[in-house]
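Spelled out from the first residue to the last, the chains are:
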Amino acid sequence: MVKKKTCVFISGKGSNLKNLIVHSRNKSFPIKISLVISNNKNAYGINYAKKYKIPFIFINTKIKNYENKILLYFKKYNISFICLAGYMKIISSNLIKRYKRKIINIHPSLLPKFKGLNTFSRMLEKNEKKGGCTVHYVNEKLDSGSTIIQKSFTISSKDDEKSLMKKTQKLEHKAYPEAIIKVFRKS
Ligand code: GRF
């Protein structure tokens, strides 16, 4: 099996990156993580790229035309698939057009509910009964591309933001690899 050379974009902790790296080391997993891009120099997730000897780059998104730089790196590493994992920047329509249905993201809610930031505090405010995560294709509208996989859990009255995050991330670590397998089973 020829694995798709994949770039993972991060901004922070990188627990999904680590999880994907571990899965991608399995022979039958459809992707190989060939590049990690962070827009944050201090993202903890960069340590996982270092640990597993995966090339990583920091991209300063304040610089004009920074996406051209990204495209050059995609070319250098032959990237054909992109996973956003806690990347806190909007991907431009230029990149989305070039990589149509080749960019996916994970979001900590049951989309279309709670798009955007601060999902857990908003969920608690609204007395939501269910939490969860969604892996979806990235299109030009924030958190709006079609869903690949969703996983949910029941919110208890004892839950706070911290416990919701913990429960959500546990599901995310199952959902993201499953979604990638599903994407490549279809194509
Ligand atoms: C995840 O909860 C994901 O849903 C959201 O950002 C968080 C990233 O977590 N988009 P990590 O950096 O992978 O630990």
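The rules behind each value
- Residues numbered from 1 in each chain as written.
- Predicted model: local features only at pLDDT ≥ 70, side-chain atom pairs only at ≥ 80, totals over all residues.
- Heavy atoms only, no water.
- Helix = DSSP H or I, 4+ residues; strand = E, 2+ residues; numbered from the N terminus.
- Rg over C-alpha atoms; globule rule 2.2 N^0.38 Å.
- Buried < 20%, exposed > 50% of the residue type's maximum accessible area, 1.4 Å probe, protein only.
- Near = heavy atom within 4 Å.
- Polar contact = N/O pair within 3.5 Å; in protein donor to acceptor, adjacent residues only side chain to side chain.
- Areas by Shrake-Rupley, 256 points an atom, 1.4 Å probe, with all protein chains shown as cover.
- 1 Å grid on protein atoms, 1.4 Å probe; cavity = no way out; pocket = protein on both sides within 12 Å on 5 of 7 lines; lining within 4 Å.
- Sits in = over half its atoms within 2 Å of the grid points.
- Pairing = 2+ DSSP bridges.
- Right-handed = clockwise from strand over helix to strand, strands pointing away.
- Axes fitted to C-alpha atoms, helices over the stretch in contact; angles between N-to-C directions.
- Contact = heavy atoms within 4.5 Å.
- Core = buried A, V, L, I, M, F, W, Y, C linked by side-chain atoms within 4.5 Å.

Student: Kindly report on the overall build of the protein chain, identifying the contributing residues and their values.
Tutor: Within the protein chain, the secondary structure is distributed over six helices and seven strands. A compact globule built from 187 residues would reach a C-alpha radius of gyration of about 16 Å, and the protein chain, at 16 Å, matches this within 12%. The principal-axis extents of the C-alpha atoms in the protein chain amount to approximately 50 × 40 × 30 Å. Going through the 187 residues of the protein chain one by one, you find that 48% of them count as buried.

Student: Could you give an account of the site of the ligand, naming the residues involved and the relevant values?
Tutor: In the neighbourhood of the ligand, the contacting residues comprise Lys13, Gly14, Ser15, Asn16, Gly86, Ile106, His107, Pro108, Gln169 and Glu172. In this structure, Gly14 approaches the ligand through a main-chain N or O atom, which is 2.7 Å from an oxygen atom. For the ligand, an oxygen atom lies 2.9 Å from a polar atom in the backbone of Asn16. Isolated, the ligand exposes 370 Å² of accessible area, and the fraction of that covered by the protein chains is 84%. Judged by the proximity of its atoms to the pocket grid, the ligand belongs to the largest pocket.

Student: Break down the pairing of strand 1 (residues 4-10) for me, with residues and values.
Tutor: Most of strand 1 is tucked away: five of the seven residues are buried. The sheet contact formed by strand 1 and strand 2 (residues 31-38) spans seven bridges and is parallel. Paired with Cys7 across the two strands is Leu35, which belongs to strand 2. A crossover connection joins strand 1 to the parallel strand 2 through helix 1 (residues 15-24); in handedness this β-α-β unit is right-handed. With four bridges connecting them, strand 1 and strand 4 (residues 81-84) associate as parallel partners.

Student: How would you sum up helix 1? Please name residues and give values.
Tutor: Most of helix 1 sits out of view: seven of its ten residues are buried. All of the buried residues in helix 1 are Ser15, Asn16, Leu17, Asn19, Leu20, Ile21 and Ser24.

Student: So what about the sheet that holds strand 7 (residues 147-154)? Which residues, and what values?
Tutor: One open sheet holds the seven strands; their spatial order is 3-2-1-4-5-6-7, and the pairing between them is mixed. Either end of the sheet is taken by a strand with one partner, and the two such strands are strand 3 (56-58) and strand 7. On average, adjacent strands in this sheet sit at an angle of 20° to one another, irrespective of strand direction. Relative to strand 6 (residues 130-137), strand 5 (residues 103-107) runs antiparallel, the two being bridged by four bridges. When the bridges of strand 6 are listed, Ile106 appears paired with Val135. Against the sheet, helix 1 engages strand 1, strand 2, strand 4 and strand 5, with an angle of about 155° to strand 2. Here helix 3 (residues 66-76) sits on the sheet in contact with strand 1, strand 2, strand 3 and strand 4, set at roughly 155° to strand 2.

Student: An account of the nonpolar core is requested, with residue identities and associated values reported.
Tutor: Across soluble globular proteins, nonpolar side chains show a tendency to be buried alongside one another. Counting 38 residues, the largest nonpolar core has Ile104, Tyr176 and Ile180 as its most contacted members. If one sorts the elements of this core by residue count, helix 6 (residues 161-186) sits on top with eight residues. Contacts of Ile180, omitting those with residues within four sequence positions, involve Leu20, Phe29, Pro30, Ile31, Phe81, Cys83 and Ile104.

Student: Tell me about the environment of Cys133, and please be specific about residues and values.
Tutor: One can find Cys133 in strand 6. Residues Cys133 and Ile106, spaced 27 residues apart in sequence, show a C-alpha to C-alpha distance of 7.1 Å. With residues up to four places along the chain from it excluded, the contact list for Cys133 reads His107, Pro108, Ser109, Leu110, Ile149, Gln150, Lys151, Thr168, Leu171, Glu172 and Ala175.

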